[in-house]
Amino acid sequence: MSPDTSLPSPAAPPKLPDVHRVGLAEPFRWLAAGWRDFLATRFVGAFYGAVFAAMGLAVLAVYRWQWQFAWSLIAGFFLLGPFVCLGLYALSRDLEQGRPPKLVGSLTSWRANPANIAWIASILAFVFIIWGRVSAVFFALVANNDFPTLSGLLEQVFSLANWPYLLVWGAVTCLFAMLAISVGAVSLPMLLDRRVDTLYALITNVRAVWLNPLPMALWAVLVILVVAPALALGMVGLLVAAPIVGHGTWHAYRSLVGEPPADEPDRH
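Quick caveat: nothing in here was measured; it's all calculated off a predicted structure.

Participant: Quick one: what's the story with the overall build of the protein chain, residue by residue and with numbers?
Facilitator: Within the protein chain, the regular secondary structure consists of 11 helices and 0 strands. Each helix and strand of the protein chain, placed in order from N terminus to C terminus, yields the pattern α-α-α-α-α-α-α-α-α-α-α. The long-range share in the protein chain, meaning contacts at least 24 apart out of those at least 6 apart in sequence, stands at 77%. Roughly 14300 Å² of accessible area belongs to the protein chain as shown, and the carbon and sulfur atoms make up 71% of that amount.

Participant: So what about the nonpolar core? Which residues, and what values?
Facilitator: It is characteristic of soluble globular proteins that their nonpolar side chains tend to be buried jointly. Ranked by internal contacts, the top residues of the largest apolar core, which has 50 residues, are Trp30, Tyr89, Ile120, Leu124, Met216 and Leu256. In contact with Trp30, not counting residues within four places along its chain, are Val22, Met216, Trp219, Gly248, His251, Ala252, Ser255 and Leu256. Counting residues in hydrophobic clusters, the runner-up holds 5 residues, among them Trp131, Phe138, Trp169 and Phe176.

Participant: Could you give me a rundown of the packing of helix H10 (residues 213-232) against helix H11 (residues 238-256), with the residues and numbers involved?
Facilitator: To characterise two packed helices, one gives the angle between the axes of the helices and the distance between these axes. Direction vectors running N to C along H10 and H11 enclose 165°, while the axes themselves pass 9 Å from each other. By the angle between their directions, the pair H10 and H11 is classed as roughly antiparallel. Crossing geometry of H10 relative to H11 is assigned as right-handed. Judged by residue contacts, Met216, Trp219, Val223, Val226, Val227, Ala230 and Leu231 of H10 engage Leu238, Ala241, Val245, Gly248, Thr249 and Leu256 from H11. Here the residues of the contact of H10 with H11 are counted per class, giving 11 nonpolar, 2 polar and no charged.

Rules used in this analysis
Residues numbered from 1 in each chain as written. Predicted model: local features only at pLDDT ≥ 70, side-chain atom pairs only at ≥ 80, totals over all residues. Heavy atoms only, no water. Helix = DSSP H or I, 4+ residues; strand = E, 2+ residues; numbered from the N terminus. Contact = heavy atoms within 4.5 Å. Areas by Shrake-Rupley, 256 points an atom, 1.4 Å probe, with all protein chains shown as cover. Core = buried A, V, L, I, M, F, W, Y, C linked by side-chain atoms within 4.5 Å. Buried < 20%, exposed > 50% of the residue type's maximum accessible area, 1.4 Å probe, protein only. Axes fitted to C-alpha atoms, helices over the stretch in contact; angles between N-to-C directions. Parallel < 35°, antiparallel > 145°, perpendicular 65-115°, else oblique. Left-handed = near helix turned anticlockwise from the far one by under 90°. Nonpolar A, V, L, I, M, F, W, Y, C, P; charged D, E, K, R; others polar.

Treat this as a map of the structure, not an account of what it does.
Here's what the structure looks like:
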């Protein structure tokens with residue numbers, strides 16, 4: 001009996017978009033582009049900076065009464081950050097496409113791909129909750145008193161006597177930071193920009209980091225260098241720093257990920 005050849009052959013998996021290799025100068029260009037977008041939107045992004053500032057002040061307020069719980073809230077700060085930035089990505093996309101950027105429209109940008117964005121939220125939630133618990137354990141090991149002020153805690157924790165703990169904590173924090181970048185740095189702008197699913201965006205994100213480890217690590221360092229002084233200024237600096245980073249992340253995505261292939265899946 002001859003074999004039945006009428007059955008359709010399995011469909012080939014969709015082709016992933018091209019991921020570009022970039023030089024070490026690119027992260028500086030992304031940051032500069034973020035600043036230009038901040039100006040071009042007539043400072044609309046400052047609204048999102050104000051949201052970040054309010055989140056930071058909430059962390060300080062919780063610390064004032066229960067410093068032991070502050071690190072869990074800090075984890076939530078970093079968790080919510082990428083989703084607050086969705087509006088900034090939308091503003092940058094409007095500028096790129098020649099449309100006037102509007103705050104109201106950016107506030108509902110998550111509706112472009114809600115289910116898949118929620119999946120990324122779940123993954124980042126897991127990452128940052130674990131990081132928060134690790135940090136809490138670390139501070140419990142090196143801080144053995146109740147501290148009435150934040151400066152009192154930081155003075156003891158970051159003492160030179162605790163340098164072995166600091167090195168371990170720093171290494172673990174860097175690991176979690178790179179994991180977060182591997183999950184959300186490209187995938188979230190991509191889910192906003194294209195009608196694709198979570199797995200497709202995650203694989204593209206991992207490929208972008210894998211092919212550009214040094215530029216992506218430099219981008220993470222630049223983000224810290226921009227945001228840290230803003231935090232030191234009592235959160236007020238986040239009015240400018242957070243929008244620049246958010247707009248810059250959009251340009252990082254556009255620089256790293258090529259145009260959609262012809263058979264890119266439409267899962268929206």
